[in-house]
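# Survey of secondary and tertiary structure
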Amino acid sequence: PFAQNGVLYQSFWTLTANQKAHTDEARRFAKKKGLASTQLLLYAFMMELGHTPLDGTTSEEHLEQDVELMQRLQRGEKIFDEEELGWFSRLLGIPGH
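A few points on the structure. (Residues numbered from 1 in each chain as written. Predicted model: local features only at pLDDT ≥ 70, side-chain atom pairs only at ≥ 80, totals over all residues. Heavy atoms only, no water.)

### Let's talk about the packing of aromatic side chains
Across all of its chains, the model carries 6 aromatic pairs by this definition. Their ring planes at 70° and their centres at 5.1 Å tell us that Phe45 and Phe88 sit as a pair that is edge-to-face. With Phe45 in helix α2 (residues 38–48) and Phe88 in helix α4 (residues 82–92), the pair connects residues that are 43 residues apart, well separated along the chain. Grouping residues by exposure puts Phe45 and Phe88 together as buried. Given a relative accessible area of 0%, Phe88 falls into the buried group. Within the aromatic cluster, the residues linked to one another by ring pairs are Phe29, Phe45, Phe80, Trp87 and Phe88. (Phe/Tyr/Trp six-rings, centres within 6.5 Å; stacked < 30°, edge-to-face > 60°. Helix = DSSP H or I, 4+ residues; strand = E, 2+ residues; numbered from the N terminus. Buried < 20%, exposed > 50% of the residue type's maximum accessible area, 1.4 Å probe, protein only.)

### Section: the environment of Glu48
You can see Glu48 is positioned in helix α2. Residue Glu48 is classed as buried on the basis of its relative accessible area, which comes to 18%. Along the backbone, Glu48 and Asp81 are 33 residues apart, and their C-alpha atoms lie at a distance of 10.0 Å. Apart from residues lying up to four places away in sequence, Glu48 is in contact with Leu73, Glu77, Lys78, Ile79 and Phe80. Within polar-contact distance, the side chain of Glu48 engages the backbone nitrogen of Phe80 at 3.3 Å. (Contact = heavy atoms within 4.5 Å. Polar contact = N/O pair within 3.5 Å; in protein donor to acceptor, adjacent residues only side chain to side chain.)

Encoded structure:
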């Protein structure tokens with residue numbers, strides 16, 4: 001209902017709360033997708049689900065990487081296919097994917 005009224009959900013503590021996202025398997029997958037870190041992979045996952053993660057980085061390098069990822073997604077690039085979304089959801093312990 002909120003999205004219908006133009007309200008966007010901004011997730012907070014996305015990186016801290018999802019330590020399961022930082023496995024060796026996730027690192028390999030991030031690299032395969034051209035992402036420098038599992039943090040970017042988690043951001044891509046959240047954005048592809050329609051969320052807007054809050055970016056609290058104090059690193060200029062990380063901010064540039066985050067903006068580059070956002071621009072890739074805004075241009076229509078998909079980091080995950082449906083099967084990969086399901087795999088990553090299960091990795092994070094999210095039911096229903």
